[in-house]
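Below are the chains, spelled out letter by letter.
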Amino acid sequence: MAYSMVVLVKQTPDLNAVRVDRATGQPLLGDQLVMSSADAIAVEAALQLKEAHGGEITVVSAGPPSVKDVLTRALAMGADKGLLIPVENPNVLDTLAMAKIIADALSGTTFDLILAGQHADDYESGQVPAQVAELLGIAQVSWVTKIEANGGELSFERDTEDGKQGVIASTPLVVMTAESLNEPRYPSLKGIMAAKKKPIETASVSAPAASGAISWSAPMAQSRPSAGIIVQDKPAADAAAELVAWLKSNKLA
Amino acid sequence: MPNGVLIVAETHDGALRPASIELISAGLAAKAVAGGSLTAVVLGEGIVTAASDLASRGVDAVTVVDHTRLAQFTTDAYAFAVEQAIRAADPRLVIFTGTTAGRDLAPRLAARLQAPLAANVTAIGGDASEIIATRPVLGGRVQSDVRLGGDLAMLTIGPGAFPKAEATGSSASIETLDVDFSGAPERVRVTGVATVDAGGGASLANADVIVAGGRGLKEPDNFGLIEQLAAAMGGAVAASRAVVDAGWRPHHEQIGQTGKTVAPKLYIAVGISGAVQHNVGMQGSERIVAINRDPDAPIFKIASFGIVGDLFDVLPELTKQLKA
């Protein structure tokens with residue numbers, strides 16, 4: 001069966017460009033805004049399902065006008081259309097407020113699967129997809145490392161502390177993709193050209209005000225214990241013994 | 001009026017998960033700031049031992065939900081049971097483990113009960129009216145204080161952020177909460193669990209311990225030394241860009257600018273000089289151990305513990321002593 005799919009993508013600072021100002025402890029985010037790496041994996045998963053079974057992929061992003069860039073990138077990778085949910089400053093909203101906006105924007109659409117990265121690169125909460133699932137009243141499968149589709153029933157492997165858990169679930173479903181699920185493709189030149197003709201709709205949702213129940217401080221660098229222990233000019237057995245003792249005293253071994 | 005702290009303890013094969021024992025310490029820290037009592041709800045099937053273990057480690061009360069529907073983790077059954085435990089305890093704060101299950105469950109329940117939620121918390125402060133939860137963001141390079149007001153708030157804690165709670169010598173009361181699962185949806189069915197052998201298949205994203213190897217290993221076959229150390233520590237194997245580019249290791253193991261960003265409890269860099277392109281991918285790690293022949297290698301500047309020496313001598317010795 002062909003799948004009607006929604007992929008949630010978040011625009012984040014490029015984590016590789018983030019530096020910390022040593023004097024102030026404040027992060028320097030750089031100018032580069034990118035698609036959160038886990039969400040690129042979700043886009044790739046949707047593309048692979050579409051290639052194998054057919055279907056349609058709508059990519060959805062909530063944020064300021066700049067999120068059009070991540071939607072365009074997903075379209076260039078091969079998604080069919082975009083939905084931009086205008087939210088002027090998404091970073092003042094908690095995940096539940098954001099989930100409500102997304103669930104609201106999706107409430108009129110029909111879909112088999114909503115895919116999203118396990119968590120975003122910047123805040124790493126990993127909460128929005130599960131909260132969207134709860135608000136829409138559908139099931140979720142998280143930490144997914146393998147997807148096998150058999151019509152309306154899909155089997156998954158998911159990461160757990162005990163190993164890979166195998167599960168079966170029916171659509172509609174929210175799927176959160178783990179890092180090891182796939183390697184996202186780069187858009188081809190042809191894809192980039194095609195993306196220019198693909199539609200990006202703007203959703204009309206009324207953004208709820210930030211919840212008064214939760215707020216947060218600007219991020220600051222944590223202090224790292226400065227000078228480390230250095231063992232030098234000692235026989236390997238002695239150096240190893242000192243390390244093992246240190247690991248044990250720090251409850252690491 | 002909601003009051004006190006509820007922690008949600010997980011079990012595996014009838015025993016408490018290590019993360020659940022750390023969770024008790026988080027619960028005690030939260031109780032110290034939020035007041036009230038500390039109740040632990042423990043879920044699973046056949047968990048009498050886990051419940052008495054939990055009761056012996058400083059909590060005020062234990063609630064047991066023992067049911068076959070909880071033998072394997074599923075979001076639907078666990079959320080159903082925990083929701084009832086929350087309604088019964090009416091706490092100010094609910095704390096979940098930072099396991100794959102805890103991180104799956106907490107947002108679902110926070111949406112259900114309209115509660116503010118902070119993930120991956122490493123310290124808890126404030127008071128009952130405003131709980132302050134500290135959490136790392138941006139790959140662990142910086143941290144943010146999240147203030148949680150309202151009547152009910154929720155947290156998941158970071159792996160290894162809190163110490164394992166010790167036995168106190170006394171025991172809390174243990175009560176059973178009877179949950180009628182006939183109303184619980186069963187939309188996701190578990191078909192089995194394929195266990196990974198210690199170390200070998202551990203995923204980088206979830207690993208507490210990562211052992212990474214670099215060019216200092218000289219040739220691909222020597223990566224066996226890294227694998228043996230990782231196995232001895234129950235950790236995952238990672239690699240520097242140099243050895244991935246050389247084709248010794250797969251790209252999914254690569255740490256750094258063009259690879260993965262990780263922040264485990266312990267990162268052991270072996271034969272890695274510590275170029276900035278590598279370090280951006282791991283400098284959020286709680287503790288860093290470096291083993292390198294070159295005393296001027298930049299990796300030693302960010303290491304909590306460094307051994308200047310020949311890895312071919314140090315690694316076998318280290319693995320042997322850890323196994324002893």
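Just so it is clear, the model here is predicted, and its values are computed rather than measured.

Okay, the domain arrangement of chain B next. All names here are of chain B. Domains assigned within chain B are domain 1 (5-183) and domain 2 (209-323). Taking only C-alpha atoms, the centre of domain 1 and the centre of domain 2 are 34 Å apart. Contacts between the two partners involve six residues from domain 1, matched on the other side by seven residues from domain 2. Between domain 1 and domain 2, the buried area comes to about 430 Å², and carbon and sulfur atoms account for 43% of it. Area buried by domain 1 at its contact with domain 2 is led by Gly139, Arg141 and Gly160, which between them contribute 73% of it. Inspection of the domain 1/domain 2 interface yields one salt bridge. In this structure, lysine 265 engages glutamate 22 in a salt bridge whose closest nitrogen and oxygen atoms are separated by 3.7 Å.

All names here are of chain B. Here helix α4 (residues 100-112) spans 19 Å end to end across 13 residues, near enough to the 18 Å set by a 1.5 Å rise per residue. Of all 13 residues that make up α4, twelve are buried, and the element is covered over most of its length. Following α4 by one or two positions, glutamine 114 has its phi on the positive side, about 55°.

Another point: the pairing of strand β6 (residues 117-121) of chain B. Residue and element names in this part refer to chain B. Counting buried residues in β6 gives five out of five residues, a clear majority hidden from the surface. Relative to strand β10 (residues 153-157), β6 runs parallel, the two sharing three bridges. Across the sheet, the residue bridging to alanine 118 is leucine 155, located in β10.

Turning next to the sheet that holds strand β14 (residues 236-239) of chain B. The sheet built from six strands is open, its strands ordered β16(A)-β17(B)-β16(B)-β15(B)-β13(B)-β14(B) with parallel pairing. The strands lining the two open edges of the sheet, one partner per strand, are β16 (229-232) of chain A together with β14 of chain B. Shown here is a sheet whose adjacent strand axes are inclined to one another by a mean of 15°, direction ignored. By the bridge criterion, five bridges tie strand β13 (residues 209-213) of chain B to strand β15 (residues 266-270) of chain B in an arrangement that is parallel. Across the sheet, the residue bridging to isoleucine 210 of chain B is tyrosine 267 of chain B, located in β15 of chain B. The strands that helix α8 (residues 311-323) of chain B touches are β15, β16 (287-292) and β17 (305-308) of chain B; relative to β16 of chain B, the one it contacts most, it runs at about 130°.

The rules behind the values
- Residues numbered from 1 in each chain as written.
- Chains lettered and ligands numbered in written order.
- Predicted model: local features only at pLDDT ≥ 70, side-chain atom pairs only at ≥ 80, totals over all residues.
- Heavy atoms only, no water.
- Domains from an automatic or database assignment.
- Contact = heavy atoms within 4.5 Å.
- Buried area = accessible area lost by both parts, 1.4 Å probe.
- Salt bridge = Lys/Arg side-chain N within 4 Å of Asp/Glu carboxyl O.
- Helix = DSSP H or I, 4+ residues; strand = E, 2+ residues; numbered from the N terminus.
- Expected span 1.5 Å × (residues − 1).
- Buried < 20%, exposed > 50% of the residue type's maximum accessible area, 1.4 Å probe, protein only.
- Pairing = 2+ DSSP bridges.
- Axes fitted to C-alpha atoms, helices over the stretch in contact; angles between N-to-C directions.

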